[in-house]
Amino acid sequence: MTDNEPSNASYAAAGVDIDAGERAVELFAPHAKRTLRPEVMGGLGGFAGLFKLKGGYREPVLASSTDGVGTKIAVAQAMGKHDTLGRDLVAMVVDDLVVCGAEPLFLQDYIAVGKVVPEVVAELVKGIADGCVEAGCALLGGETAEHPGLMAEGDYDLSATGVGIVEADAVLSPDRVRPGDVVIAMGSSGLHSNGYSLARKVLLEWGHMDLGGHVEEFERTLGEELLEPTRIYAKDCLALAAETDVRTFSHVTGGGLADNLARVIPSGLVAELDRGTWSPAPIFQMIAQRGRVERIEMERTFNMGVGMVAVVAPEDTDRALAVLTARHLDCWVLGSIKKSHTTSPGDHKKKTGVAELMGEHPRF
């Protein structure tokens, strides 16, 4: 053996600590157990999670969605606070599922880390479990992967895939939307999990703001405002669909309100939305003013205070508002669906309609 050859090589010496991984599982297992539903078969530790579909479905359709949290992670890492990102992750996945009317059944996560710190991994999974409990789905399993040499020791990333179920004849889609339908907004809890690259650039890099500094407009620190968990609408949307004639939902994520709503409006129709019906929270105004961000850029990057949208039959408007209010959701009539009166040579090729924002926000 030469002086340049290694001795006593091991996986741990290369940066992967199997013992730490096992310790992390011990710490987060109780959190995963909190999310169990009756359909879950077995427990953690198998090569695959098992979920027995409950009976009663005539023609069940499975829905699936995968997502992550984005650069909101950078704020959590800077703050040393890791227990809320999991709720953001669950929200991004299950609220995409519910758009088609699917009930979230289970979720599986993937956490990549530079180095396994059991306590940090446990905090991340605790947040995921909290979100699953709120959404009514089981945390069926997942993977924690250690990537030494590829990621720094304090770095991590997380993603998840969720599966839901809906009856074939109950699938919500643009085909159900009709002229005269009413668009109802559900308020967001803040930035949710989109636009953080721009928010961090404006507030932290250009504005030199301190994450730990108290901000009067927020009545808390900037970091606390930025880490406010994404609201989870899954159970609220399912309750609304059970009580009223919901045509479709739209989860307002990357791309903003108009672009996401346009995805569920059929060709030939337009959703006319009134900015005057709500005022975005102070965090949006601060980003716009300090970064001199134009309105069109704000509205295509951030949710601007609307996290989920329901399109309902006009005769069910009052009932829909009552259902959501009873569930302690901030909600209001945002606009309505109308026939599109504008045509262009390429209109016949469009698969979706249009969503247009009109008017001005009060106090923005």
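What you see as residue numbers is a count from 1 along each chain, following the sequence as written. Only residues with pLDDT of 70 or above have their local features reported here, since the model is predicted, and side-chain atom pairs are shown and tallied only from 80 upward, although totals for entire chains, interfaces and linings are computed over all residues. Side-chain numbers come from the whole structure's heavy atoms, not from hydrogens or water.

A. How the structure looks around the overall build of the chain. Where helices and strands are cited, they refer to DSSP runs of H or I of at least four residues and of E of at least two residues respectively, numbered from the N terminus. Across its full length, the chain carries eleven helices and 14 strands. For the exposure calls, accessible area comes from a 1.4 Å probe over protein chains only, and a residue counts as buried if that area is under 20% of its type's maximum, exposed if over 50%, partly exposed in between. Counting over 364 residues, the chain shows a buried share of 49%. Put simply, of all contacts in the chain between residues at least 6 apart along the chain, 86% involve residues at least 24 apart. Shrake-Rupley sampling with a 1.4 Å probe provides the accessible areas, and residues are treated as covered by the protein chains on show and by no other component. A total accessible area of about 17,400 Å² is found for the chain, and carbon and sulfur atoms account for 51% of it. Residue contacts follow a heavy-atom distance rule, with two residues in contact if any of their heavy atoms lie within 4.5 Å.

B. Spatial organisation of the pairing of strand β13 (residues 331-339). Taken together, the five bridges between strand β7 (residues 182-187) and β13 define a ladder with antiparallel strand orientation. Bridge pairing in β13 places Ile184 opposite Val333. Relative to β13, strand β11 (residues 269-274) runs antiparallel, the two sharing five bridges. For Ala271, the partnering residue across the bridge sits in β13 and is Ile337. A pair of strands counts as paired when DSSP detects no fewer than two bridges linking them.

C. How the structure looks around the side chain of Asp88. By secondary structure assignment, the location of Asp88 is in helix α3 (residues 85-97). The class for Asp88 is buried, based on a relative accessible area of 0%. Setting aside anything within four residues of it in sequence, one finds Asp88 in contact with Val69, Lys72, His192, Ser193, Glu228, Pro229 and Thr230.

D. Region of interest: the packing of α3 against helix α4 (residues 118-135). Working convention: axes come from line fits to C-alpha atoms, limited for helices to the stretch in contact. Angles between N-to-C directions cover 0 to 180 degrees. Where α3 contacts α4, the two axes come as close as 6 Å, and the packing angle between them is 45 degrees. On the basis of the axis angle, α3 is oblique to α4. When you trace α3 past α4, the crossing you get is right-handed. Contact residues: α3 offers Leu85, Gly86, Arg87, Leu89, Val90 and Val94, while α4 offers Leu124, Gly127, Ile128, Asp130, Gly131, Cys132, Glu134 and Ala135. When residues are sorted by character, Ala, Val, Leu, Ile, Met, Phe, Trp, Tyr, Cys and Pro go into the nonpolar class, Asp, Glu, Lys and Arg into the charged class, and all the rest, Gly among them, into the polar class. Per-class residue counts for the contact of α3 with α4 are eight nonpolar, three polar and three charged. Angle categories: roughly parallel below 35 degrees, roughly antiparallel above 145, roughly perpendicular from 65 to 115, and oblique for all the rest. Handedness of a helix crossing follows the sense of rotation of the near helix relative to the far helix, less than a right angle counterclockwise being left-handed and clockwise being right-handed.

E. Region of the structure containing the packing of aromatic side chains. Only Phe, Tyr and Trp rings are paired, with Trp represented by its six-membered ring, and only when their centres lie within 6.5 Å; those with planes under 30 degrees apart are stacked, over 60 edge-to-face, the remainder tilted. Summed over the entire model, instances satisfying the criterion amount to two aromatic pairs. With a centroid separation of 6.3 Å and an interplanar angle of 70 degrees, the aromatic rings of Phe284 and Phe302 are classed as edge-to-face. With Phe284 in helix α9 (residues 282-290) and Phe302 in the loop between α10 (295-301) and β12 (306-312), this residue pair connects regions lying 18 residues apart in the sequence. Pair check on accessibility: Phe284 and Phe302 agree, each one buried.

F. Inspection of the pattern of salt bridges at higher detail. We define a salt bridge as a side-chain nitrogen of Lys or Arg found within 4 Å of a carboxyl oxygen belonging to Asp or Glu. Applying the stated criterion across every chain yields a total of 15 salt bridges. As a salt-bridge pair, Arg319 and Glu243 come within 2.8 Å of each other at their nearest N and O atoms. Of this pair, Arg319 sits in helix α11 (residues 317-326) while Glu243 is found in helix α7 (residues 234-243), placing the two residues 76 residues apart along the sequence. Given a relative accessible area of 46%, Glu243 falls into the partly exposed group. As a salt-bridge pair, Lys338 and Glu272 come within 3.1 Å of each other at their nearest N and O atoms. Remark: Glu272 occurs in strand β11 and Lys338 occurs in strand β13; sequence separation between them is 66 residues. Look at Lys338 and you get partly exposed, because its relative accessible area is 38%.

G. Region of the structure containing the nonpolar core. Within this scheme, the nonpolar core is defined by two criteria: the residues are buried Ala, Val, Leu, Ile, Met, Phe, Trp, Tyr or Cys, and they are joined through side-chain atoms within 4.5 Å. In terms of nonpolar packing, the biggest core is built from 48 residues, with Leu107, Leu158, Leu191, Leu203, Leu226 and Ile287 touching the most fellow members. Secondary structure elements with two or more residues in this core: α2 (72-79), α3, β4 (103-113), α4, β6 (156-167), α5 (196-206), α6 (222-226) and α9. Where each domain starts and ends follows an automatic or database-derived domain assignment. Of the residues that make up this core, three or more belong to each of domain 1 (17-41 + 59-165) and domain 2 (172-356). In this structure Leu203 touches His208, Met209, Leu222, Leu226, Ile283, Met286, Ile287 and Arg290, once residues within four positions along its chain are discounted.

H. Highlighting the sheet that holds strand β3 (residues 60-68). On the basis of which strands lie adjacent, the open sheet formed by four strands has the order β3-β6-β4-β5 and mixed pairing. For this open sheet the edge positions go to β3 and β5 (138-146), each flanked by a neighbour on one side alone. Averaged over all pairs of adjacent strands, the angle between their axes in this sheet comes to 15 degrees, without regard to strand direction. Across the sheet, α4 is in contact with β4, β5 and β6; its angle to β4 comes to roughly 165 degrees.

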